[in-house]
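Chains, contacts and geometry: an overview
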There are 2 protein chains.
Amino acid sequence: MVKMSTNTIYIGNKPIANYCQAIIQTLNDNDTAKLLARGTAISRAVDAVEITRNRYLDGVTVQSIEIGTEELRGSDGGMRNVSNMTIILEKRN
Amino acid sequence: MVKMSTNTIYIGNKPIANYCQAIIQTLNDNDTAKLLARGTAISRAVDAVEITRNRYLDGVTVQSIEIGTEELRGSDGGMRNVSNMTIILEKRN
């Protein structure tokens, strides 16, 4: 049986507690968790990582943080550049 | 004569263009620039880096990105945890 698990978490506009729980659950099933955030959700991604590490999970380290830019179509149909961030968390046993 | 230059830029609530200009000026005088941001300004720091790299300065790389938590006194006198981020940019000649 093939286990179809993924370790990617998209950070959006939900309450931070939702993302903390997603991180905990993902690191329960996987050795790493990959958080993706765009624009103003970048701050929320950092908050979710810090709250999870400080309150809920010991032994979680930040493996890498990368930032970049992508072009997205806005609601007016025009293209605009949006910053993004990828944080990879690692479970240390 | 001692040159008293610093390469640290604090990211706050000013327009992003101000921080882009601060990055350009700092990398004109130094090999590296250190950006510090807290809370919601973290997204703005990432935007400032990306816009500067894509529009204004070639050959600037991200040397490191670190995230953390600090305890600050809020306006109500109580302590609260705030996420922070430090981005170090490097000029590649």
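Residues numbered from 1 in each chain as written. Chains lettered and ligands numbered in written order. Predicted model: local features only at pLDDT ≥ 70, side-chain atom pairs only at ≥ 80, totals over all residues. Heavy atoms only, no water.

1. Topic: the layout of surface pockets
Empty space within the largest pocket amounts to approximately 210 Å³. Contributions of two or more residues to the lining of the largest pocket are made by strand S4 (79–91) of chain A together with helix H2 (41–56) of chain B. If one sorts the elements of the lining of the largest pocket by residue count, H2(B) sits on top with five residues. A breakdown of the residues in the lining of the largest pocket according to their chemical character gives three nonpolar, five polar and four charged. (1 Å grid on protein atoms, 1.4 Å probe; cavity = no way out; pocket = protein on both sides within 12 Å on 5 of 7 lines; lining within 4 Å. Points joined across faces, edges and corners; volume = space filled by probe spheres on them. Helix = DSSP H or I, 4+ residues; strand = E, 2+ residues; numbered from the N terminus. Nonpolar A, V, L, I, M, F, W, Y, C, P; charged D, E, K, R; others polar.)

2. So, the pairing of strand S2 (residues 32–38) of chain A
All names here are of chain A. Where burial is concerned, the two faces of S2 differ: the one with Ala33, Leu35 and Ala37 is buried and the one with Thr32, Lys34, Leu36 and Arg38 is not. Pairing analysis gives four bridges linking strand S1 (residues 8–11) to S2, with the strands arranged parallel. The residue of S2 that forms the bridge with Ile9 is Leu35. Assessed by its sense of winding, the connection that carries the chain from S1 through helix H1 (residues 16–29) to S2 is right-handed. Looking at chain direction, S2 and S4 are connected through seven bridges and run antiparallel. Of the residues in S4, the one forming a bridge with Arg38 is Asn84. (Buried < 20%, exposed > 50% of the residue type's maximum accessible area, 1.4 Å probe, protein only. Pairing = 2+ DSSP bridges. Right-handed = clockwise from strand over helix to strand, strands pointing away.)

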